[in-house]
Amino acid sequence: MRRVSLGLSLSLVVLLVVGCGGFTGRGRAVAYGRVPYDLVDPSGTWLAEGDVAWGSGHTLQVSGPGPVFRIVRHDPAGQVVAYGVAIAEAGALFVGYGASLDACQVAVYRAGAENVEGVWAGGTSPDLGTEEWQGLGVAEGPFLGDFATYGTNPGAHAIYRQRVATATGTGTVYDVRWYSSTQEFYGTGVLRGDHLATAAILAADANAANVSWIAQGYGVAVYELTSGEGTVVVRTNPESAALLGHERLRRP
C-alpha cells in the first residue's frame, strides 16, 4: 500500500478502499467548473469579529477565482492563526480551517431525492470533487447515520469508495468520521439550512503523525455572503469538544 502523508485530503487516501456493496452513485453531485453562487466573489480582505475560540479582530485574506477559494487568517498582531479552503454555495461561503493548505478540506452536502449529495475541495486543487452518501438518514435528519459513500477526487476525478458515520453534538454541530480498513478521519460538521458543511483531519496512525494540528486545532465555518454573519466550530485537537462561536465578516 502506498504510504499516505498527513497533507493528503480525505478522499485522496481512500482510493485504496474496496467497493461498498452495489452502491455506485449516480453522479447527481457532479459540479465540475461551476461558478460561485449568483456570481458573488468573496475574494479580498475581510475583518472578522465575534466570540470564536481562536479570538476576534482577525483578518481574512480570501483568494479565488472559484469555485475553490483559499483563506489565510491572521490575528491582530499579523500572526497566522489558520489556513482555509472554501466553497461558495447557496448564498454562503463554507470554509474548512486547518494548520496548512495541504491539510485543509471542506465538503458541502444536501439531501437529494434518494441520497445525500455533495461537493468537496482540498487546499491545493482549484477543482471540486464530489461525494454521494447512500440513502438518507433517520427521521431526526437526513445527514444522521452510517453510510456507504461514492466520490470523485478533484483533478483527475478518480473514483473512490468508503464509509462515513455521523452523530449530533450540540444542536447544529455534528461529529463525523470517515473510515476504511486502514485509516480514519475525525470530522466536524455544522448545519446551515438544508446544507451540511464538514471539515476533517486524518487521525494519527502508523503512517502519519497528526502533528500539524497541535497548535491551533481545526474548524469549519459558514458565512452568509450578503450579511457576513457566520458560525464557526473549532476543535483544539482531533477529539476535543466542539467549541461553537459566531463572528461577522466585514470589508475593511
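Residues numbered from 1 in each chain as written. Predicted model: local features only at pLDDT ≥ 70, side-chain atom pairs only at ≥ 80, totals over all residues. Heavy atoms only, no water.

**A look at the side chain of T130**
Looking at the element boundaries, T130 is found in strand β8 (residues 129–133). Engagement of the side chain of T130 in a polar contact is seen with the side chain of T152, the distance being 2.7 Å. (Helix = DSSP H or I, 4+ residues; strand = E, 2+ residues; numbered from the N terminus. Polar contact = N/O pair within 3.5 Å; in protein donor to acceptor, adjacent residues only side chain to side chain.)

**Quick word on the sheet that holds strand β9 (residues 145–152)**
Spatial strand order, β6-β7-β8-β9-β10-β11-β12-β13: eight strands in a closed barrel with antiparallel pairing. Between one strand axis and the next, the sheet turns through 30° on average, direction left out of account. Two elements, strand β6 (residues 105–111) and strand β13 (residues 195–202), share four bridges in a ladder whose sense is antiparallel. Paired with V108 across the strands is A197, a residue of β13. (Pairing = 2+ DSSP bridges. Axes fitted to C-alpha atoms, helices over the stretch in contact; angles between N-to-C directions.)

**Describing the pattern of salt bridges**
Overall, the coordinates contain eight salt bridges when judged by the stated rule. With its nearest N and O atoms 2.9 Å apart, the salt bridge here joins R177 to E184. Residue class for R177 comes out partly exposed when judged on its relative accessible area of 29%. Close ionic contact of R248 with E229 constitutes a salt bridge, the shortest N to O distance being 3.4 Å. Taken as a pair, R248 in strand β16 (residues 243–250) and E229 in strand β15 (residues 229–235) lie far apart in primary sequence, 19 residues in all. (Salt bridge = Lys/Arg side-chain N within 4 Å of Asp/Glu carboxyl O. Buried < 20%, exposed > 50% of the residue type's maximum accessible area, 1.4 Å probe, protein only.)

**Comments concerning the nonpolar core**
If you look at the biggest cluster of nonpolar residues, it comprises 22 residues, and the most contacted ones within it are I87, F94 and A121. Of all the secondary-structure elements, those providing two or more residues to this core are β4 (80–89), β5 (92–98), β6, β7 (116–122), β12 (184–192), β13 and β14 (218–224). Of all hydrophobic cores here, the second largest spans 21 residues; its members include A48, I71, Y97 and L249. (Core = buried A, V, L, I, M, F, W, Y, C linked by side-chain atoms within 4.5 Å.)

**Notes on the environment of L249**
As for its placement among the helices and strands, L249 is situated in strand β16. Note: C-alpha distance between L249 and G228 (21 residues apart in sequence) is 4.6 Å. Not counting chain neighbours up to four residues away, the residues in contact with L249 comprise W46, L47, A48, L60, Y223, S227 and G228. (Contact = heavy atoms within 4.5 Å.)

**So, unusual backbone geometry**
Note the cis peptide between G64 and P65, where omega equals 15°. In this structure, P65 sits in the loop between β2 (58–63) and β3 (68–74). P67 follows G66 through a cis peptide bond whose omega is 5°. Residue placement: P67 occurs in the loop between β2 and β3. Even without a glycine there, the phi angle at A90 is positive, about 55°.

What is shown is where atoms sit, not what they do.
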